Amino acid sequence: MKVVAFNGSARKDGNTAVLLKRVLKVLAAEGIETELIQLAGEQIHGCTACRACFETKNQRCVITDDKVNEYIQKMIQADGILLGSPTYFAMMSPEMKALIDRAGFVTRATPDTLKYKVGAAVAVARRAGAMTTFDAINHFFLISQMIVPGSSYWNIGVANKKNEIETDTEALKTMDDLGKNMAWLIKKLKT
Ligand SMILES: Cc1cc2nc3c(=O)[nH]c(=O)nc-3n(C[C@H](O)[C@H](O)[C@H](O)COP(=O)(O)O)c2cc1C
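Everything quoted here is computed from the prediction, not taken from an experiment. All residue numbers refer to positions counted from 1 along the written sequence of the respective chain. Per-residue local features are limited, in this predicted model, to residues with pLDDT of at least 70; the limit for side-chain atom pairs, both in listing and counting, is 80 or more; totals at the level of whole chains, interfaces and linings are taken over all residues. To get the side-chain values, take all heavy atoms of the structure and skip hydrogens and water.

This paragraph deals with the pattern of salt bridges. What makes a salt bridge here is a side-chain nitrogen of Lys or Arg within 4 Å of a carboxyl oxygen of Asp or Glu, nothing more. Counted according to the given criterion, the structure contains 11 salt bridges. Across the pair Arg22 and Asp176 runs a salt bridge whose closest N-O atoms are separated by 2.9 Å. Placement of the pair is Arg22 in helix H1 (residues 15-29) and Asp176 in helix H6 (residues 169-190), with a sequence separation of 154 residues. One network of salt bridges, in which partners are shared, links Lys2, Glu33, Glu35 and Lys74. A run of H or I in DSSP becomes a helix once it reaches four residues, and a run of E becomes a strand once it reaches two; helices and strands are each numbered from the N terminus.

This part takes up helix H5 (residues 130-143). Take the number of residues in a helix, subtract one, and multiply by 1.5 Å to get its expected span. Compared with the 20 Å implied by 1.5 Å per residue over 14 residues, the 21 Å span of H5 between its first and last C-alpha is a close match. The buried label applies to any residue whose accessible area, calculated with a 1.4 Å probe on protein chains only, is under 20% of its type's maximum; exposed applies above 50%, and partly exposed to all values in between. Within the sequence span of H5, burial applies to Ala130, Thr133, Phe134, Ala136, Ile137, Asn138, Phe140 and Phe141. Summarising the contacts, the buried residues of H5 are in contact with helix H3 (68-77), strand E3 (80-86), helix H4 (94-108), strand E4 (118-125) and strand E5 (156-158). Following H5 by one or two positions, Gln145 adopts a phi angle in the positive range, close to 65 degrees. Any two residues whose heavy atoms approach within 4.5 Å at even a single point are treated as in contact.

With respect to spatial proximity, 17 residues lie near the ligand, and among them Ser9, Thr16, Arg127, Ala159 and Asn160 are the closest. Contacts described as polar in this section are N or O atom pairs within 3.5 Å, which, within protein, must combine one atom able to donate a hydrogen with one able to accept it, while residues neighboring in sequence count only if both atoms come from side chains. Arg127 is positioned with one of its backbone polar atoms (N or O) 2.6 Å from an oxygen atom of the ligand. Within the side chain of Asn160, an N or O atom sits 2.6 Å from an oxygen atom of the ligand. Only the protein chains shown count as cover for residues, and all accessible areas are computed by the Shrake-Rupley method using a 1.4 Å probe. For the ligand, the accessible surface in isolation is 650 Å², of which the surrounding protein chains cover 76%. When residues of the shell around the ligand are traced back to their parent elements, those giving at least two are H1 and E4. A molecule or strand has a residue near it when one of that residue's heavy atoms lies within 4 Å.

Moving on to the pairing of strand E2 (residues 33-38). We call two strands paired when DSSP finds no fewer than two bridges between them. When strand E1 (residues 2-7) meets E2, the two strands line up parallel, connected through 6 bridges. Following the sheet pairing, Val4 is matched in E2 by Glu35. With H1 bridging E1 and the parallel E2, this β-α-β connection has right-handed handedness. Convention used here: a crossover is right-handed provided that the path from the first strand, over the helix, to the second strand proceeds clockwise when the strands point away from the viewer.

Dropping the structure here:
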């Protein structure tokens, strides 16, 4: 059993990373293998709408000068996908949007690629827009026929400066509960 997490922040090891690591720590304690990939510093192209993936149906994007194909394979191999993003102008980061657009199109080109995998979104904002980010990421899971577990609150945190999220105790608890619920669901789906 494995969960792969992607941090869409342009700031490595920032607040979004803290929340994702919190979820992954609980999953690891439940015996689930975890991996965190941080997109900070990477050039990730957006979808060019060439629709080649619908012709080749080979689960690959024709853009090959970035790591998205590697990331798509990691999603396909995982039982759970955890996507975290800071809120930028009331939406997810452009890196996360580019990843979702391309992974979403490539996996939709071959039916049921992500079906029944577990998906969870995490969003951080200084003040406003985290719910929009959270909702938007969930659209990717839901249209992919994935199963989305809840937590004891929506999976959002409020923070601005690096590591400030450590003071948002409710967000930390939400991540702990999310980790437990993801683990419970993945184990149920595996039996
Ligand atoms: C380009 C940019 C746009 C932002 N837009 C918003 C916003 O719309 N709402 C908000 O509450 N915070 C906004 N923020 C603040 C970040 O969401 C906040 O600093 C968050 O903690 C960053 O997470 P990170 O440490 O994982 O990068 C913005 C930050 C940047 C860099």
